[in-house]
Amino acid sequence: MSSDIAIGIHDLSFATTEYVLPHTALAAHNGTEIGKYHIGIGQHSMSVPAADEDIVTLGAAAAAPLIAAHGSDRIRTVVFATESSIDQAKAAGVYVHSLLQLPSACRVVELKQACYGATAALQFALGLVRRDPAQQVLVIASDVSKYELDSPGEATQGAAAVAMLVGLDPHLLRIEEPSGLFTADVMDFWRPNYRDAALVDGQESISAYLQAVEGSFKDYTEQGGRPLEEFAAFCYHQPFTKMAYKAHRHLLNYCGADTDTDTIERAIGLTTAYNTTIGNSYTASVYLGLAALLDQADDLSGQPLAFLSYGSGSVAEFFAATVVPGYREHLRTAQHRDAIDRRTPVDYAAYRTLHQRAFPTDGGHYPTPEQTSGPFRLAALNGHKRIYEAR
Ligand code: CAA
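What comes next is a walk through the structure. Note that the structure is predicted; figures quoted are calculated from it, not measured.

Attention now moves to helix α10 (residues 285–296). The first and last C-alpha atoms of α10 sit 17 Å apart over 12 residues, in line with the 16 Å expected at 1.5 Å per residue. Taken across its 12 residues, α10 has 11 buried, putting it largely inside the fold. Among the residues of α10, Ser 285, Val 286, Tyr 287, Leu 288, Gly 289, Leu 290, Ala 291, Ala 292, Leu 293, Leu 294 and Asp 295 are the ones counted as buried.

Below, the structure is given as structure tokens:
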């Protein structure tokens, strides 16, 4: 559990979209009793990208404050994790590298395994820093979650990006060994290359997630991990916040532990505050849970936290981290709250128009309407090339 050198998350920042759709508007459109959304799945609103926002603009907006605070001299790797990729060949991180004017002596790659990708990126970053402790790795998790209009998945959309600077002697979290791992070939959620919106078997996806919780924790225990009762809190991947409650109850049952409501609320309640209003942000979701926990909890210095990262398909990892004493001086709580509060509510019709928006594929010049007030925008598609602007 303890390692000879401390490596982990030095700084963390997130960004979300220009617009937000309250679930009351979706419920009024489709005649759903609002309790199903507010209580049944635990969602109150979902972030909706403007026409000139995408995973690149969100990722750059999340990472910019980290570069402003720490510079980029030590960053030799950028890993961009996403499952809503914008190109089959070019890594989205290369656009971010350009928008943030990062050093040319840098490797940039994109990683994919559904919502799990950011955890793979974080674990790979730890390995790179261990090999060369002088360097830092910029991990960006950025996703736009999109399901078919009028489908059950529609209520579980959202969008956000989390950026994490990974390095030696981190200010926020020391990531521990071991990790518990789990992979199973299941078709619970997937998106073929020719589709814009994901396909999902909702109930199968919930079962697959629970199976992965069990499998990854079993391996974590076999690898010599901490007993469950040592953890101060649990950060779960949250496709909708109720899923974290289902997952934690399942884990407690699996371990033969008490499953009373107060125990579960204490373990995960604070982690859901951002996800309930942002919605599913796929790769970023588990780290939004972490941000919400750190931003709201009483002092967690020295306490172990558990993480369960799940990506449909499926791959999961259960791992632990210790909160670094003094971490509260390095949080971005005000920035995070502002990212949520600054969103403009849209009505159902405006959301539907944005959802249906797609660029023509004929190679013409298609400027986007100027909608985002964020620091970066997707200005146009021209000759099949995405044109980004920094403000
Ligand atoms: N008041 C309170 N609760 C109510 C209610 C009301 N009026 N009406 C219904 N509910 C409850 C139901 O009892 C149910 O609760 P339980 O699951 O605890 O029984 C809950 O609301 C949802 O109801 P349904 O199961 O009937 O809802 P649904 O069939 O419309 O679908 C869903 C829900 C499967 C989550 C669907 O939104 C979906 O497919 N979402 C996308 C897939 C997804 O998020 N899967 C999660 C695991 S996969 C993963 O984690 C990876 C990823 O990011 C995609």
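All chains considered together, the criterion is met by 13 salt bridges. Between Arg 391 and Glu 370 there is a salt bridge, with its nearest N and O atoms 3.5 Å apart. In this pair, Arg 391 is assigned in the segment after β18 (385–390) and Glu 370 in the loop between β16 (365–367) and β17 (376–382), connecting sequence segments 21 residues apart. One salt bridge in this structure joins Arg 377 and Glu 389, with 3.4 Å as the shortest N-O distance. Remark: Glu 389 occurs in strand β18 and Arg 377 occurs in strand β17; sequence separation between them is 12 residues. Salt bridges here are not isolated pairs; linked through shared partners, they connect Asp 52, Arg 377 and Glu 389.

On to the side chain of Ser 309, then. Summarising the element assignment, Ser 309 is placed in strand β13 (residues 304–311). Among the polar contacts made by the side chain of Ser 309, one reaches the side chain of Thr 119 at a distance of 2.7 Å. When sequence neighbours within four positions are dropped, the list of residues in contact with Ser 309 reads Cys 115, Tyr 116, Thr 119, Val 286, Val 315, Ala 316 and Glu 317.

The omega torsion across Glu 177 and Pro 178 is 0 degrees, close enough to zero to call that bond cis. Take Pro 178: it is sitting in the loop between β8 (173–175) and β9 (180–183). Here Gly 313 and Ser 314 are connected by a cis peptide whose omega angle stands at 0 degrees. Unusually for a residue other than glycine, Gln 101 sits at a positive phi of about 55 degrees. Inspection of the secondary structure puts Gln 101 in the loop between α4 (92–99) and β5 (107–111). Phi at Asp 169 takes a positive value of approximately 45 degrees, unusual for a residue other than glycine. Following the sequence through the fold, Asp 169 ends up in the loop between β7 (158–168) and β8.

How each quantity is defined
Counting restarts for each chain: residues are numbered from 1 in the order of the written sequence. Per-residue local features are limited, in this predicted model, to residues with pLDDT of at least 70; the limit for side-chain atom pairs, both in listing and counting, is 80 or more; totals at the level of whole chains, interfaces and linings are taken over all residues. Only hydrogens and water are removed before side-chain values are computed, so all heavy atoms of the structure are retained for them. Helix numbers and strand numbers start at the N terminus; a helix is a DSSP run of H or I with at least 4 residues, a strand a run of E with at least 2. Take the number of residues in a helix, subtract one, and multiply by 1.5 Å to get its expected span. The classification of residues rests on relative accessible area computed with a 1.4 Å probe and restricted to protein chains. Under 20% of the type maximum is buried, over 50% is exposed, and intermediate values are partly exposed. Here, a salt bridge means any Lys or Arg side-chain nitrogen found within 4 Å of an Asp or Glu carboxyl oxygen. Nitrogen and oxygen atoms within 3.5 Å of one another constitute a polar contact, given that in protein one can donate a hydrogen and the other can accept it, and given that sequence-neighbouring residues count only through two side-chain atoms. Residue contacts are defined here by distance: any two heavy atoms, one from each residue, within 4.5 Å place the two residues in contact.

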